[in-house]
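Each chain, written out:
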Amino acid sequence: MKEESKVTQTVREALVKAAEEGRDLKLKVGEITRDAVKDALEKTELTREAVKDTAGDAMKGVIDAAEIAKIEASEIVKEASKGIVE
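What you are looking at is a predicted structure, and each value in this text was computed from that prediction instead of being measured.

K.L.:
Run through helix 4 (residues 73–85), naming residues and quoting values.
P.N.:
For helix 4, which comprises 13 residues, the first-to-last C-alpha distance of 18 Å matches the rise-based estimate of 18 Å (1.5 Å per residue) to within 8%. When helix 4 is considered as a whole, its buried residues turn out to be I76, A80 and G83. Looking at the buried positions of helix 4, the neighbouring elements they touch are helix 2 (25–42) and helix 3 (48–69).

In structure tokens:
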């Protein structure tokens, strides 16, 4: 089994923390994913593969967090996508 990426872990933990604090995940998810992806890509050579892997890892973190926070992933995936694109 593949080891969990730092991006997945960072996104999931930040979203779970935001949910525990009662924050609106629809508002926070874009910011959290954007920051995690930006930070990860700044530390690596920008290739198509690196961008694809980082975006996928971020979305995995979003989906994991949605399951933990017991909300529909579809509610926050769209906003997460916007954050990744930014």
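Don't stop here, the text continues.
K.L.:
Tell me about the nonpolar core, and name the residues and values.
P.N.:
If you look at the biggest cluster of nonpolar residues, it comprises 19 residues, and the most contacted ones within it are V7, V11, L15, V29, V62 and I76. At the level of secondary structure, the elements contributing two or more residues to this core comprise helix 1 (6–20), helix 2, helix 3 and helix 4. Take this core: its biggest share by element is seven residues, from helix 2.

K.L.:
Tell me about the packing of helix 1 against helix 3, and please be specific about residues and values.
P.N.:
Their axes nearest at 7 Å, the elements helix 1 and helix 3 cross at an angle of 35 degrees. Viewed along their axes, helix 1 and helix 3 form a crossing whose handedness is right-handed. Residues V7, T8, V11, R12, L15, V16 and A19 of helix 1 pack against T54, D57, A58, K60, G61, V62, D64, A65, I68 and A69 of helix 3. Per-class residue counts for the contact of helix 1 with helix 3 are 10 nonpolar, three polar and four charged.

K.L.:
Tell me about the pattern of salt bridges, and name the residues and values.
P.N.:
Where side chains of opposite charge bring their charged atoms close, a pairing between them can arise. As enumerated under the stated definition, the model contains eight salt bridges in all. Across the salt bridge formed by R12 and E4, the nearest N and O atoms sit 2.3 Å from each other. The class of R12 is buried, set by a relative accessible area of 16%. Connected through shared salt-bridge partners, R34, D35 and E86 make up one network.

K.L.:
Now, about the side chain of T54: what can you tell me, with residues and values included?
P.N.:
Inspection of the secondary structure puts T54 in helix 3. Contacts of T54, omitting those with residues within four sequence positions, involve V7, V37, A40 and L41.

K.L.:
Break down the confidence of the model for the protein chain for me, with residues and values.
P.N.:
Mean pLDDT over the protein chain stands at 90; residues scoring 70 or higher make up 98%. Ranking the elements of the protein chain by mean pLDDT puts helix 4 last, at 86, and helix 1 first, at 93.

K.L.:
Quick rundown of the environment of A50? Include the residues and the values.
P.N.:
In this fold, A50 is placed in helix 3. Exposure remark for A50: the relative accessible area of 14% places this residue in the buried category. In the structure, A50 is positioned 33 residues away from K17 in sequence and 27 Å away in space, judged by C-alpha atoms. Ignoring any residue separated from it by four or fewer positions in sequence, one finds A50 in contact with L41, T44 and E45.

What counts and how
- Residues numbered from 1 in each chain as written.
- Predicted model: local features only at pLDDT ≥ 70, side-chain atom pairs only at ≥ 80, totals over all residues.
- Heavy atoms only, no water.
- Helix = DSSP H or I, 4+ residues; strand = E, 2+ residues; numbered from the N terminus.
- Expected span 1.5 Å × (residues − 1).
- Buried < 20%, exposed > 50% of the residue type's maximum accessible area, 1.4 Å probe, protein only.
- Contact = heavy atoms within 4.5 Å.
- Core = buried A, V, L, I, M, F, W, Y, C linked by side-chain atoms within 4.5 Å.
- Axes fitted to C-alpha atoms, helices over the stretch in contact; angles between N-to-C directions.
- Left-handed = near helix turned anticlockwise from the far one by under 90°.
- Nonpolar A, V, L, I, M, F, W, Y, C, P; charged D, E, K, R; others polar.
- Salt bridge = Lys/Arg side-chain N within 4 Å of Asp/Glu carboxyl O.
- pLDDT = per-residue confidence, 0-100.

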